[in-house]
Every structure is written in C-alpha cells, then in structure tokens.
Amino acid sequence: MKKQKILLIDANALIHRAFHALPPLTIKNGELVNAVYGFSLILLKTINELNPDYVATAFDTPQPTFRHKEFKDYKATRQKADLELISQFPKVKEVITALGIPIFEKPGFEADDIVGTLAKKAEEKNLEAIIVTGDLDEVQLVSPNIKVYTMRRGFTDTVLYDESQVKEKYEGLSPLQIADYKALRGDPSDNIPGVLGIGEKTAIELIKKFGSIENLYKEIKNNTKKVKDLKPKVLENLREKEKEAKISKYLALIVKDLPLELDLKKTETGVYDREIAINVFKKFEFRTLLAKLPKSKTLNKQKRDFDFKIIKEEKELLKVLKAIKNKTQEIVVDTETEKLDSVSGKLIGVSLSFSEKEAFYIPTENNDFLKLLKPFLEDKNIKKIGHNLKYDISVLACYGINLAPVYFDTMIAYYLLRPGERRLSLDDLAFSELGFEKISIEELIGKGKNSHSAKASRDKQKLLNEAPLEKVAEYSSEDAVITFRLFKKVKPLLQKENLEELFLKIEMPLVSILAEMERNGVKIDSLFLKKMSKRLEKEIENLKTKICRLANCDFNINSPQQLKEVLFEKLKLAESPEIKKEMKKLKSGGFSTAAGILEKLKDTHPIINLLFDYRELVKLKTTYADALPKLVHPKTGRVHTNFNQTITATGRLSSSNPNLQNIPIRTKVGREIRKAFVAEKGYKLISADYSQIELRIIAHLSGDQKMIDSFRNHEDIHTRTAADVNEIPLKDVTYEERRAAKAVNFGIVYGISAHGLAGQLGWNREEAQKYIDKYYKKHPGILKYVTEIVEVAKDFGFVETLLGRRRYLPEINSNNFQIRSAAERMAINFPAQGTAADLMKLAMIEITKIMPKLSPKSKMTLQVHDELVFEVPEKEVKQFSLAIEKIMEGIYPELKVPIRVDITYGNNWKDMAEIIKGDKRKTKGFQH
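Residues numbered from 1 in each chain as written. Predicted model: local features only at pLDDT ≥ 70, side-chain atom pairs only at ≥ 80, totals over all residues. Heavy atoms only, no water.

Undergrad: Help me understand the overall build of the protein chain, please; the structure alone is not making it clear to me.
TA: Looking only at helices and strands, one finds 38 helices and 23 strands in the protein chain. By the compact-globule yardstick of 30 Å for 928 residues, the protein chain fits well, its C-alpha radius of gyration being 32 Å. Counting only C-alpha atoms, the protein chain reaches 100 × 80 × 55 Å along its principal axes. Taken over 928 residues, the protein chain has a buried fraction of 54%. In the protein chain, once contacts between residues fewer than 6 apart in sequence are set aside, the share between residues at least 24 apart is 68%. For the protein chain, the distance from the average site of its 156 positive side-chain charges to the average site of its 132 negative ones is 2 Å. (Helix = DSSP H or I, 4+ residues; strand = E, 2+ residues; numbered from the N terminus. Rg over C-alpha atoms; globule rule 2.2 N^0.38 Å. Buried < 20%, exposed > 50% of the residue type's maximum accessible area, 1.4 Å probe, protein only. Contact = heavy atoms within 4.5 Å. Lys, Arg positive; Asp, Glu negative; His and termini not counted. Charge placed at Lys NZ, Arg CZ, Asp CG, Glu CD.)

Written as structure tokens, this is what we have:
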C-alpha cells in the first residue's frame, strides 16, 4: 500500500533563497515582494508536483539558539538581514495561513531542528516525509522514508535527494555522516570552524576511512595503524583542533527530538478557503500563481456577474449593430481564432461590449456575418477599444476588414502607468485591478505548453472552434466585458498622471503601424542561411578540435560541469587572487563558466579566446542560421516577427518570435547574418539609423555647452571628448583614447561607475575614477544633470522623458545599496533612452502618413534599436530616402542640437551603401 506523504517546508531557507535569487519585484504601492513571490512559487510547485497529503512549515525565531549559547561566534560572519527581506516574512506567513498550512516555531531552535523533529515524527507515523529547503543542511536527515527537495541552480531548477543521491554528491558518504563531514571541513556560511587545513576532499576521505569523528579521535588516541597512515600535517591539525571538530559536529547536527506535536488533521492539504487565498494573492498581485493553487476542499466558486448573448441570425445581428450605433460611440472588440497565428489563424468569432454587464458574441464562420460586421468595424464614428488590439487588427485585416478608429488599448494604458510591469495580460489585469478571476482557456481547450490567452503557439491542445459554442461565447464575452471595465477604470488614471496625450498621440497611432509591419514581414534568403549553417558547422568542428587539443583531452564543451573541470582543475586557471575573489562573489560559491568570468580569464590561456569564438558560432548557427528558415511563413514566404509595445520599461519596442533585435553586428561573422535579410526582386532595402541619438538628447537635457557645441559643429563626439579630457588637439587623438572616451560617453547614459568603466577598458578602478572625474570637470553640465535627476527621482518617485513618458522608481529610496544604485542608474538613463524611443515612434507615425502618396508600394519592415528598415521599389529609393531623412531629422525641432540620420540602401541588410552624401554628412575628427 502506498504511503501517505507530508511536505515539511523550511520557510527561512526558501525565503532567503528567493530574496537573493530573484530580481527586485514590487507591487503597485512600491513594496518589495520578490521573496514572497519566490516562496509562494516553490511552495505551490512542490504541492502540485509531489501531491502530498499533508503540509507544514517551519520558521526560525529572533531569539538566540542553543548553538549560539554553546559557540558565541555561530553565524557571526553572516551579514545582518536587509530590512527589505525582514519586511517580507509577515507577508509570507500571510500566504501560508491563507492556504491553511500550519506554522511551527520554537524559540532557541532553528527551522532545521523543527523540520528534523517533524520528519522523525512523520516517519514514526509511517509517512513519507519530503523536506523542502533552499540549502543542503538537511540532507543529513535523509533516510528510506525521508527525502530532501532543494534547488540545484537558480530558483526553479530542483532536485530530490534520496540516500543514493546523497552518497553520489558526497562521494560515498551516507546522510548520517554529513554532520561528521562538516565537523572536519567546517561551514563558512554558518561560521562552523571545522579543522583548519582540512578541506572538502580530505574530510570525505577521513570520514569514509574512520566512519565518524568519534571513531576517528578514538583511533587517534589509540594510535592505530590507520592513524599512522595519515599525512603528518593532517594528523597534527586533527590533534590540535579536536575541540573545534567536536563543537563543529554539535553545531552541524540537526535536533530530532523537540517536544512538538504533529497533528495530521491540522496539516491536511487543501483545507483552506479559496476566496481568502485569492484575496491575499490579489493583494500581492500574484495573478500568475492562481492557476497553481491546490484544489480546495472548501471551494468557493466565483459566479458570473454579466450577461451575454450569442447572435445566431442575420436580422438579429443587424438589430444589435443598429442598437449599438444609437447608444454609444465607444465599443470593445475582441476576436477569437482557432489557433494563435494572426497571419493565418482562422477567425471563429467576434465579441462586442459597450457595457460593464453585457456582451454579444457573433460566430463568424458564417461569411454573411462578416460582411455585415465590416462596415460597423470600419465605422469612423465608433471608437474601437480592446486589449492587445494589434492582434485583433491583424486577424481582421486577413478578412479585408480595416478596424478603425483604433482608439484605446487597455494593455498599453496600464503599461504607461506601470512601465516594466510584465503582468499585463487580460487575465492578470482582471485579477489585479478588478479582483476578477477569469475563465481559464484550459477549461475550453485543455492544457498545452503555452497559453492561448497569451497569444502564442499551442501544443497538445484542441482548437478553440472544437470547444462548445456556449463555452467559447462565454469566454469571449467575458474578455469583452472585462476589457470595458478596465477601460472605464484606467482612462481617468491616465488623465490624472498626465499620460493621456502620450497615449493618444504616440502609443495608440503606433498600434496599427506595428500590426501592418508584422503582416509585411521580411524576406529571408533561406538558401544563404543553409549554406552558412554548413560553413559554421565546419568552423565549429575545427574550434572543437583546437580546444580539446589545448585541453589535452576530449570533452563536451557545451557541458558547464566538464568545462569547469578542464579550466579549473586540469588547467588551474583560477589560481590568481583576482579570479578567486570573483568566484567568491558567486551565489553558488563555486566556479563558473559564465561569460563574465571567462572575460577575466582571457589573458591566462589561449583556450579562452577559442571558447568565446566557439560560443559565438554555436549561437549564430542555432539561433539564426538554423532557426530562421524554419520560421518562414508558408502562406507569405516571409518571416513575421512580433513587435512588442509593452515589454521594455524605457518605451523602446522589442521583438519576439523571432527576436530580430539581438542579431549581432559587432563581429564579422555576426554581421553576415544580416546578409540573409533581403529585398524582393525590383526592390531595395533602405536603412535609416539615428546617429548617437541618446547622446544628443543628453546634451539637450543637461545643457552641457561643450557637448552642444560639438554636435552643432558636426564633430565626432568621442574624438572631441578624448581631446578635451586628455587636453590634446583633435587630430592627435589615438584609437585607444577615442575608445575610452566612447565608453564614458555612452556609459554616462547608463549611469556607469568606475568599477564598470574599469571592467570595459581593462583599467584599474583608480584609473577609471580619475578619468570620470576629469570628464565631469570638462562637462559640468553632465555632472549637474546626473546629480539633479537622481534627486528628482527621490523627491517625486519617477522621472520623465521630454514627451512625458514616466518611469516610476519607488526603490530609489531603498535601504539596500544594490537596489538603490540600480534605481539611480535607471533615473539617469531613462530620460535619454525613453525620449529616443518616443522620437522613433513619432518618426514612424509621420513616415506612415506620407507613404501612401510618396511610395504606395513601399513597406516599413523592421524597427531595431535606433534604426528603421524599409523595402522600397528600386526606382523610388532616392526620393523616398530624402523624404524620410527630412521627417526623422526634423521630428523634434525643440532639441538644442541637430538630429542626424544615416541612410543606406542595398539588396540585403548587410551590404548597404550610403544614399546621401555631401558636406553635411562629413564628421570632423572621425579619423579612426
């Protein structure tokens, strides 16, 4: 008979792990909840994965433990917990209580001891106990009936330790011997001393040989043959530190016999009030975790609070459309497709709502319904509202319907109020703003790898038109009604925060433009990429051979573990004090093969440069050469990316499926990928790229006269900066001097520190600080701007672009230095980055206005960073280029410095020639 199972949660360990593993996550009022979210995520993950019958949690208490009384330096090296972390403990307890899970605490003892005792009691009751923790201290408790579930790397990569896995990890030691192992090796995290001079390897060998430290010291006392075989220095250390070894075991050993009662009835899983839990999750804005809530044995089902009607006849539809026209000028439109592909997804229905309590669902498999809907959906007198309207525009466009006017997108409205907030789906906002738990799409089509509501591809799910009509109608009508409620709530909030003009004049006009760009797509030369893939494969194989030759062994370069062994054990590349110091900073406490560490190892061995080359080629091959041809749409023969308007906190657009903004351009091989982006026959690609736009905006914002004069004189800004800082003529600036000036110029936009500059240029920190000080001396306007903008953010809680876009920074007043410093850097860079994004969007809007008359066959195909790419008939390249140059350079005449656009054209995105030449294109001082 299968044993019942109990989960024992070491809450303190999980909370600490979550706090340090997850980025700062704040809710609307600015409170930090990353530890609460991480804890809740892992708690629900384990409940769903392991399906326990019982759950209990254990916490430390603030009082000193018996270990502190025995050894006053116990945990003395630990830094005092951040206030941001401490403040989250009551919130975690609120989540636990809402889920009906009991909390165990005992003054004088740690959560480990409580867990150890409860695990023992569970074993006595013939239960299987699974300990959920953020560290490995509790693996000493593992037995045939007790396992430990913990994190391997990061926060969600988990592992379940049984006896065999403990033995594998600790090279043959049993769980009962872990405390002995720690007694010899020590534990720096808890300041357990161990025996000086005995490391991990020696400690394991000694315990395997002697069984325990008690037996070890017994044999030392008797001077047995086994003892005589020990190295003299090891034996000397053991004798000198006997007291430390024994106290270390006492500190490391988890208590298993506390006077605690394990009442299984109180720990039963799923005995909680779902409504209370939902309210707590709503309070902390954890909408995405709702679906992970365990089934409640006291389930409260939310009732539908709106009406909907399915339109089944033409006369009924005409009547409804006429009634809507007479009643309102604003209506929510929501489309439903059988699968999530806006280019070829079959439209199965449209829902309409102009009320917070009512919606109409129109099945569109009847083509006559679409004919009747077309004039209504194109009626300029009825403003169209939606959530992620870009998708609906694209779907309807495939049926010859031009949805207009596109008036209000609730997803974008909330994005402007919470830039950087990722939880902007309709489900998320229904929950966080209205306290409404929407129907899950899985209820209609089953579970797959991706959610239908996220408008992504699905796997192992049935098509939406295979679900019952009544269910689809209710689901779609709910979308429309909820969108209308959000519209009513968010519109006045935009007005209150002075964001309505930005929303209506920039963001909303852009929605239709992006929808059209996505439909346009971009032509890919698949044959070129296939040839490139084969070439890259050969180069990768050559690099593999060279790397293995340098390592003097064959190994899997893609395996971090094997690479670590080669670099740090075989080649011993981490011997320098600087590298050791970097390794100590790692959360894992071990060696790393991450790019940042390899960068620091560059000069230590020729294998490192080959590894960088290898990684670059593998990424190019898998991410682009192999992947892009597979993404060519069968219907259009082009690649259609998604342009995301609500992802970045700066207002910049991003792209996904595929991401075309990460195509590398700094290396020769990386630039070759752009050659695969081509124009159709009879057309050319035109690239219009804003030159140093963020630095020009910084010059304007700061009013720094030297920078303003340099841009007005059409000088190369980096050469000018190098000349000023080094006090030399412009013509004498070297390549290295210009490179350093460039790093500082762009670094200022990103709030660079001396440490960051030193890392970029290979300088020491003092050199970098000296250079920054000289830079600020020459540019007092920049120093004034940097200082004042941080103060503005502290006083008001946000900073703005020239056009009023905001970045809210509640964490700028944090007590945590790292969190506060990150917020200060955001305050410095956002006005420039955000304004650059605003100007690009304005340019896209103005260019779109003139394109139908200027060049009706031309297409805007890509927007990447500060660049726009067009596909233009060959004969119209010159006139088109001159027109867009005029618009882009004149987009914001109030700027104190000239805006410059570099325009090039060609058959592909890489091999492009300058289209415009002349005196004004020349830059003084650009000699390198």
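Undergrad: Where do I start with the pairing of strand β8 (residues 330-337) in this structure?
TA: The side chains of a regular strand alternate, residue by residue, between the two faces of the sheet. Most of β8 is tucked away, with eight of its eight residues classed as buried. Here β8 shows a buried face lined by Glu330, Val332, Asp334 and Glu336 and a second buried face lined by Ile331, Val333, Thr335 and Thr337. Two strands pair when backbone bridges link them, and β8 and strand β11 (residues 383-386) are joined in this way by three bridges, in the parallel orientation. Across the sheet, isoleucine 331 pairs through a bridge with lysine 384, a residue of β11. Here β8 pairs with strand β9 (residues 347-353) via six bridges, running antiparallel. (Pairing = 2+ DSSP bridges.)

Undergrad: Can you help me understand the pattern of salt bridges in this one?
TA: Side chains that differ in charge, positive against negative, can pair when their charged atoms come close. Taken as a whole and judged by the stated rule, the model has 60 salt bridges. Among the salt bridges present, the one from glutamate 214 reaches lysine 249, with a minimum N-O distance of 3.0 Å. With glutamate 214 in helix α10 (residues 213-222) and lysine 249 in helix α13 (residues 242-252), the pair connects residues that are 35 residues apart, well separated along the chain. Residue glutamate 214 is classed as partly exposed on the basis of its relative accessible area of 44%. Residue lysine 249 is classed as buried on the basis of its relative accessible area of 13%. The residue lysine 841 makes a salt bridge to glutamate 507 at a minimum N-O spacing of 2.8 Å. (Salt bridge = Lys/Arg side-chain N within 4 Å of Asp/Glu carboxyl O.)

Undergrad: Would you mind going over the packing of helix α30 (residues 693-702) against helix α36 (residues 780-796) with me for this structure?
TA: For any two helices packed against each other, the geometry comes down to the angle between their axes and how far apart the axes lie. Running from N to C, α30 and α36 point in directions that differ by 85 degrees, and their axes come no closer than 9 Å. What the angle tells us is that α30 and α36 run roughly perpendicular. From α30, Ile698, Leu701 and Ser702 reach across to α36, where they touch Gly781, Ile782 and Tyr785. The residue makeup of the contact of α30 with α36, split by class, is four nonpolar, two polar and no charged. (Axes fitted to C-alpha atoms, helices over the stretch in contact; angles between N-to-C directions. Parallel < 35°, antiparallel > 145°, perpendicular 65-115°, else oblique. Nonpolar A, V, L, I, M, F, W, Y, C, P; charged D, E, K, R; others polar.)

Undergrad: When you look at the sheet that holds strand β20 (residues 859-864) in this model, what are you seeing that I'm missing?
TA: Across a sheet, paired strands are connected by hydrogen bonds in the backbone, their directions being either parallel or antiparallel. Pairing is antiparallel in the open sheet, where five strands are placed in the order β20-β21-β17-β22-β23. Here the strands that pair on one side only, and so sit at the sheet edges, are β20 and β23 (913-914). As defined by bridge partners, strand β17 (residues 683-690) adjoins strand β22 (residues 901-906) across six bridges and the pair is classed as antiparallel. Note that in β22 the partner of alanine 688 across the bridge is isoleucine 903. The sheet contacts of helix α38 (residues 877-889) involve β17, β21 (867-873) and β22, and relative to β17 the element is tilted by about 20 degrees.

Undergrad: How should I be thinking about the packing of aromatic side chains in this particular structure?
TA: Describing an aromatic ring pair means giving the distance of the ring centres and the angle of the ring planes. Applying the stated criterion across every chain, the model contains 19 aromatic pairs. Both rings, one in phenylalanine 284 and one in phenylalanine 286, keep their centres 5.8 Å apart while their planes meet at 40 degrees; by these two values the pair is tilted. An identical accessibility class is assigned to phenylalanine 284 and phenylalanine 286; each is buried. An aromatic cluster is built from Tyr407, Phe408, Phe484, Phe487 and Phe503, whose rings are joined through pairwise contacts. Its guanidinium or amino end placed over the ring of tyrosine 407, lysine 383 lies 4.6 Å from that ring's centre, counting from NZ or CZ. The ring of phenylalanine 798 has arginine 806 lying over it, and the distance from NZ or CZ to the ring centre is 4.0 Å. (Phe/Tyr/Trp six-rings, centres within 6.5 Å; stacked < 30°, edge-to-face > 60°. Lys NZ or Arg CZ within 6 Å of the ring centre and 35° of its normal.)

Undergrad: Hey, could you run me through the sheet that holds β11 in this one?
TA: Taken together, the six strands give an open sheet; going across it, the order is β7-β10-β9-β8-β11-β12, and neighbouring strands pair in mixed fashion. Of all the strands in the sheet, the pair left with one neighbour each is β7 (307-310) and β12 (406-409). Across the sheet, the mean angle separating the axes of adjacent strands is 30 degrees when strand polarity is ignored. The pairing of β7 with strand β10 (residues 358-363) spans four bridges and is parallel. Counterpart to phenylalanine 308 in the pairing with β10 is alanine 359. Contacts from helix α17 (residues 389-397) reach β8, β9, β11 and β12 within the one sheet, and its direction differs from that of β8 by about 65 degrees.

Undergrad: Explain the pairing of β9 to me, please; I cannot follow it from the model alone.
TA: Extensive coverage of β9 is indicated by the burial of seven of its seven residues. As paired elements, β9 and β10 share four bridges and run antiparallel to each other. Its bridge partner lying in β10, glycine 349 is registered against proline 363. Taken together, β9 and the strand that follows it, β10, pair antiparallel across an intervening segment of four residues.

Undergrad: Help me understand the nonpolar core in this model?
TA: In globular proteins that are soluble, nonpolar side chains generally tend to be buried together. Among the nonpolar cores identified, the biggest contains 197 residues, and Leu352, Phe677, Met844 and Phe870 are the most heavily contacted of them. Phenylalanine 677 has contacts with Val522, Lys523, Ile524, Leu628, Leu660, Ile663, Leu685, Leu862, Asn907, Asn908 and Trp909, leaving out every residue within four places of it along the chain. Core analysis: the second largest hydrophobic core is formed by 53 residues, Leu173, Ala183, Leu184 and Ile220 among them. (Core = buried A, V, L, I, M, F, W, Y, C linked by side-chain atoms within 4.5 Å.)

Undergrad: What is the right way to look at the packing of helix α19 (residues 426-434) against helix α21 (residues 469-496) in this model?
TA: Interhelical geometry of α19 versus α21 gives an angle of 50 degrees and a closest axis separation of 10 Å. As the angle between them shows, α19 and α21 are arranged oblique. Like other packed secondary-structure pairs, α19 and α21 cross with a definite hand, here left-handed. Between α19, through Leu426, Leu429, Ala430, Glu433 and Leu434, and α21, the contact on the second element is made entirely by Asp479, Ile482, Thr483, Arg485, Leu486 and Lys489. (Left-handed = near helix turned anticlockwise from the far one by under 90°.)

Undergrad: I tried to follow the environment of glutamine 329 on my own but got confused; where do I start?
TA: Tracing the sequence through the fold places glutamine 329 in the loop between α15 (314-327) and β8. Taking relative accessible area as the criterion, glutamine 329 reaches 57% and is therefore assigned exposed. For the pair glutamine 329 and lysine 383, spaced 54 residues apart in sequence, the C-alpha to C-alpha distance is 5.8 Å. Apart from residues no more than four positions distant in its own chain, glutamine 329 is found in contact with Asn381, Ile382 and Lys383.

Undergrad: Can you help me understand unusual backbone geometry in this one?
TA: Excluding glycine, a negative phi dihedral is what most residues carry, and trans is how most peptide bonds are arranged. Alanine 404 connects to proline 405 through a cis peptide bond whose omega is -10 degrees. Among the structural elements, proline 405 can be located in the loop between α17 and β12. Following asparagine 657, the chain continues into proline 658 via a peptide bond in cis, with omega recorded as 0 degrees. Turning to its location among the elements, proline 658 is positioned in the loop between β15 (654-656) and α29 (668-672). Positive phi is not limited to glycine here, since asparagine 552 has a value of about 65 degrees. The class for asparagine 552 is exposed, based on a relative accessible area of 65%. Positive phi, close to 55 degrees, is recorded for histidine 714, a residue that is not glycine. Turning to its location among the elements, histidine 714 is positioned in the loop between α31 (705-712) and α32 (717-726).

Undergrad: Would you mind showing me how to read the side chain of serine 394 here?
TA: Its location among the elements puts serine 394 in helix α17. The buried category is assigned to serine 394, whose relative accessible area is 0%. Ignoring any residue separated from it by four or fewer positions in sequence, one finds serine 394 in contact with Ser342, Ala515 and Arg519.

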